Amino acid sequence: MSTSTPITGHPDLAELRARYDRAAETPTAQAADGAIVLGGLFVALSPWIAGFSGVGSLAMNNFVTGMATAVLGLCFAAAFHRTHGIAWVCPVLGLWAILSVFIISGTAITATTVLCNVIGGAVVLLAGLATMAPSMMPQRGGRRA
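For clarity, every value in this text was computed on a predicted model and none was experimentally measured.

What counts, and where the lines are drawn
- Residues numbered from 1 in each chain as written.
- Predicted model: local features only at pLDDT ≥ 70, side-chain atom pairs only at ≥ 80, totals over all residues.
- Heavy atoms only, no water.
- Phe/Tyr/Trp six-rings, centres within 6.5 Å; stacked < 30°, edge-to-face > 60°.
- Helix = DSSP H or I, 4+ residues; strand = E, 2+ residues; numbered from the N terminus.
- Core = buried A, V, L, I, M, F, W, Y, C linked by side-chain atoms within 4.5 Å.
- Buried < 20%, exposed > 50% of the residue type's maximum accessible area, 1.4 Å probe, protein only.
- Contact = heavy atoms within 4.5 Å.

1. Quick word on the packing of aromatic side chains
Right, so step 1: The tally for this structure, following the rule as stated, stands at one aromatic pair.
Right, so step 2: The interplanar angle of 85° and the centroid separation of 6.2 Å between the aromatic rings of tryptophan 48 and phenylalanine 63 together place this pair among those described as edge-to-face. Here the residue tryptophan 48 occupies a position in helix α2 (residues 27–50), and phenylalanine 63 occupies one in helix α3 (residues 56–83), the gap between them amounting to 15 residues.

This is the structure in structure tokens:
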């Protein structure tokens, strides 16, 4: 019979969870999570706010992309230690929001559609990179693998 510690009680795992909890409690992380939620909601609702909801494919793309982003932001705010592994998705969604206005066929490229997608996408992209930062920083003073 093995006397090893179960993985849930392993000291390294407990330290890693505490590290992510500390990272999520910083004002920078909270601001980034909030910016992701607000940026996602802006991208989702921009077709109806700015008046380009008649462009069906772009409006639906913005709605789906924006809602997915807002849900991710809420997940990061609620449980960063469990969701940090998918933090890379937010910058990708932000980049997609910026590029989609030029890629989706049948989209009328107007100043309104470009500005809404570029501004909303840039907010999501930058806030997503800020959310990824704590998991990419090396540990201070601890063991290194």
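The rest of the description comes next.
2. Thoughts on the nonpolar core
Right, so step 1: Ile36, Leu72, Phe76, Phe80, Ala87, Cys90, Leu93, Ala127 and Met132 together form the largest nonpolar core, which totals nine residues.
Right, so step 2: No other element matches the three residues that α3 contributes to this core.
Right, so step 3: Discounting residues that sit within four places of it in the chain, isoleucine 36 has contacts with Thr69, Ala70, Gly73, Phe76, Cys90, Ala127, Gly128 and Thr131.
Right, so step 4: If you look at the next biggest cluster of nonpolar residues, it comprises six residues, including Phe52, Leu58, Val101 and Cys116.

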